[in-house]
Amino acid sequence: MRVVMFGYQTWGHRTLQALLDSEHDVVTVVTHPRSEHAYEKIWSDSVADLAEKHGIPVIIRNRPDGELVERLKEVAPDIIVANNWRTWMPPEIYNLPVHGTLNIHDSLLPAYAGFSPLIWALINGEPEVGVTAHLMDEELDAGDIVIQRSVPVGPTDTTTDLFHRTVDLIAPVTTEALGLIASGQTEFTRQDRSKASFFHKRAEEDIRIDWTWPAEDLERLIRAQSAPYPSAFTFHKGQRLEVVSAVVSEGRYGGTPGRIFYREGDGVVIVAGADARTGRNHGLAITRVRTGDGRELPATEYFTSMGGYLTGRP
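Residues numbered from 1 in each chain as written. Predicted model: local features only at pLDDT ≥ 70, side-chain atom pairs only at ≥ 80, totals over all residues. Heavy atoms only, no water.

**Q** So what's going on with the packing of aromatic side chains? Which residues, and what values?
**A** Overall, the coordinates contain ten aromatic pairs when judged by the stated rule. When the ring of Phe6 is compared with that of Trp85, the centres are 5.0 Å apart and the planes differ by 85 degrees; the resulting orientation is edge-to-face. Separated by 79 residues along the polypeptide, Phe6 in strand E1 (residues 2-7) and Trp85 in the loop between strand E4 (79-83) and helix H4 (91-94) bring together distant segments of the chain. Taking the relative accessible area as the measure of exposure, Trp85 reaches 12% and is therefore buried. (Phe/Tyr/Trp six-rings, centres within 6.5 Å; stacked < 30°, edge-to-face > 60°. Helix = DSSP H or I, 4+ residues; strand = E, 2+ residues; numbered from the N terminus. Buried < 20%, exposed > 50% of the residue type's maximum accessible area, 1.4 Å probe, protein only.)

Structural data, given as structure tokens:
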């Protein structure tokens, strides 16, 4: 099949490489310009560079326009394949090829449509994550599922771990889905919209630690924001403090959320949970921190005495 590929960052790069390694003919690539957004500088393998290396015409767009539609009509693709295309795609594009548009999304749809699905899924304690190939329709990430593959989430996994596991699924999912479509199959699995969820892009406010969250949720937030993602942060004595690593405390600690309370093992326990006053909650034992000047050190060295509070604002 003649394929036009829409994609961006490492997800798009892996998809394009899979197409180049397949029996299909990539006739044009559409990608976004480079971005300085904190999350878009992570996993930023260039789709444009890979396409140009193979002599494939590249179109750079933030979002589709009339000129792009006309250029796509000229190349007459049999199918469009998209992965990590970051803006709305109009029906005159996704319906243009005879086989429509196949979107590759890094979640187990219908759950976690939208943005940063791996981070949100880890924060929420999901037991598995994965990659879905689905046909695009008028609602974002809502079209019929062609194929879906999953991997388990372990108790100490970070988003970085999950990224590497799921990005390796892109090539087999893409090529198998295209094989089914090329074989003439047209009936696929409709999504159960009652199980759908849709998430926004991650931003600074999303990594601010809220000490009224249960310690188990906060521990997952810390793992979800593992390097190279921006670390979750709090404030101590008016200064920003990033939490690099933490575990759920063994003991239960009562009091006010955010209280710097007790040394336990290699960590310093912070009281957590909206109902911490009951004394039934585990705390978050912070093990490593990073200060505003970039110094990373054990929490037991940073917190030289107990007492005081970590807060959401200076």
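**Q** So what's going on with the environment of Thr175? Residues and values would help.
**A** With respect to the helices and strands, the residue Thr175 is situated in helix H7 (residues 170-182). For the pair Thr175 and Glu92, spaced 83 residues apart in sequence, the C-alpha to C-alpha distance is 25 Å. Polar side-chain contacts of Thr175 include one of 3.3 Å to the backbone oxygen of Pro172. (Polar contact = N/O pair within 3.5 Å; in protein donor to acceptor, adjacent residues only side chain to side chain.)

**Q** Can you lay out the nonpolar core for me, pointing to particular residues and giving the numbers?
**A** Membership of the largest hydrophobic core comes to 69 residues, with the highest contact counts inside it found for Leu102 and Ile286. Ranked by residue count, the leading element in this core is helix H5 (residues 117-123), at six residues. Among the nonpolar cores identified, the runner-up in size contains 16 residues, and Val30, Leu72, Ile80 and Ile93 belong to it. (Core = buried A, V, L, I, M, F, W, Y, C linked by side-chain atoms within 4.5 Å.)

**Q** Tell me about unusual backbone geometry, and please be specific about residues and values.
**A** Outside of glycine, negative phi angles account for most residues, and trans bonds account for most peptide bonds. Pro110 follows Leu109 through a cis peptide bond whose omega is 15 degrees. By the element assignment, Pro110 lies in the loop between strand E5 (101-105) and strand E6 (113-114). The peptide bond linking Ala227 to Pro228 adopts the cis configuration, its omega dihedral lying at 10 degrees. Its location among the elements puts Pro228 in the loop between helix H8 (215-224) and strand E10 (233-236). At Ala76, a position not held by glycine, the phi torsion is positive, near 50 degrees. Mapping Ala76 onto the fold places it in the loop between helix H3 (66-75) and E4. A relative accessible area of 41% means that Ala76 is categorised as partly exposed.

**Q** How would you sum up the sheet that holds E4? Please name residues and give values.
**A** What the seven strands build is an open sheet, ordered E3-E2-E1-E4-E5-E7-E8; its pairing is mixed. Each edge of the open sheet carries a strand with a single partner, namely strand E3 (58-60) and strand E8 (145-152). Between one strand axis and the next, the sheet turns through 15 degrees on average, direction left out of account. Of the strand pairs in this sheet, E5 and strand E7 (residues 128-135) are connected by four bridges, and their pairing is antiparallel. Across the sheet, residue His105 finds its bridge partner in E7, namely Thr132. This element, H3, spans E1, strand E2 (25-31) and E3 of the sheet and lies at about 150 degrees to E1. (Pairing = 2+ DSSP bridges. Axes fitted to C-alpha atoms, helices over the stretch in contact; angles between N-to-C directions. Contact = heavy atoms within 4.5 Å.)

**Q** I'd like to hear about the packing of helix H1 (residues 9-20) against H7, residue by residue, with values.
**A** It is at 9 Å that the axes of H1 and H7 come closest, and there the two elements cross at 50 degrees. Comparing the axis directions of H1 and H7 gives the class oblique. The crossing of H1 and H7 is right-handed. Each of Trp11, Arg14, Thr15, Ala18 and Leu19 in H1 lies in contact with H7, whose residues at this interface are Ile170, Ala171, Thr174, Thr175 and Leu178. Residue composition of the contact of H1 with H7, grouped by class: six nonpolar, three polar and one charged. (Parallel < 35°, antiparallel > 145°, perpendicular 65-115°, else oblique. Left-handed = near helix turned anticlockwise from the far one by under 90°. Nonpolar A, V, L, I, M, F, W, Y, C, P; charged D, E, K, R; others polar.)

**Q** Give me the lowdown on the pattern of salt bridges, citing residues and values where you can.
**A** Oppositely charged side chains can form a pair if their charged atoms are brought close together. As enumerated under the stated definition, the model contains 17 salt bridges in all. Of the charged contacts, one joins Glu139 and Arg193 as a salt bridge, the two residues approaching to 3.2 Å between their closest N and O atoms. Within this pair, whereas Glu139 is found in the loop between E7 and E8, its partner Arg193 is found in the loop between H7 and strand E9 (198-199), the two being separated by 54 residues in sequence. According to the relative accessible area criterion, Glu139 is partly exposed, its value standing at 43%. (Salt bridge = Lys/Arg side-chain N within 4 Å of Asp/Glu carboxyl O.)

**Q** Quick one: what's the story with the pairing of strand E11 (residues 239-252), residue by residue and with numbers?
**A** Bridging between E10 and E11 involves four bridges; their strand directions are antiparallel. What sits directly across from His236, in E11, is Gln239. Taken together, E10 and the strand that follows it, E11, pair antiparallel across an intervening segment of two residues, in which Lys237 is found at a positive phi of about 55 degrees. One ladder, built from eight bridges, connects E11 with strand E14 (residues 282-291); its direction is antiparallel. For Val247, the partnering residue across the bridge sits in E14 and is Ala285.

**Q** Describe H3, listing the residues and the values that go with them.
**A** Of the positions making up H3, those classed as buried are Leu68, Val69, Leu72 and Val75. Angularly, the buried residues of H3 cover 125 degrees about the axis, an arc narrow enough to put them on a single face. Looking at the buried positions of H3, the neighbouring elements they touch are E1, E2, E3 and H4. One or two positions beyond H3, positive phi appears at Ala76, with a value near 50 degrees. (Arc of directions from axis to C-beta.)

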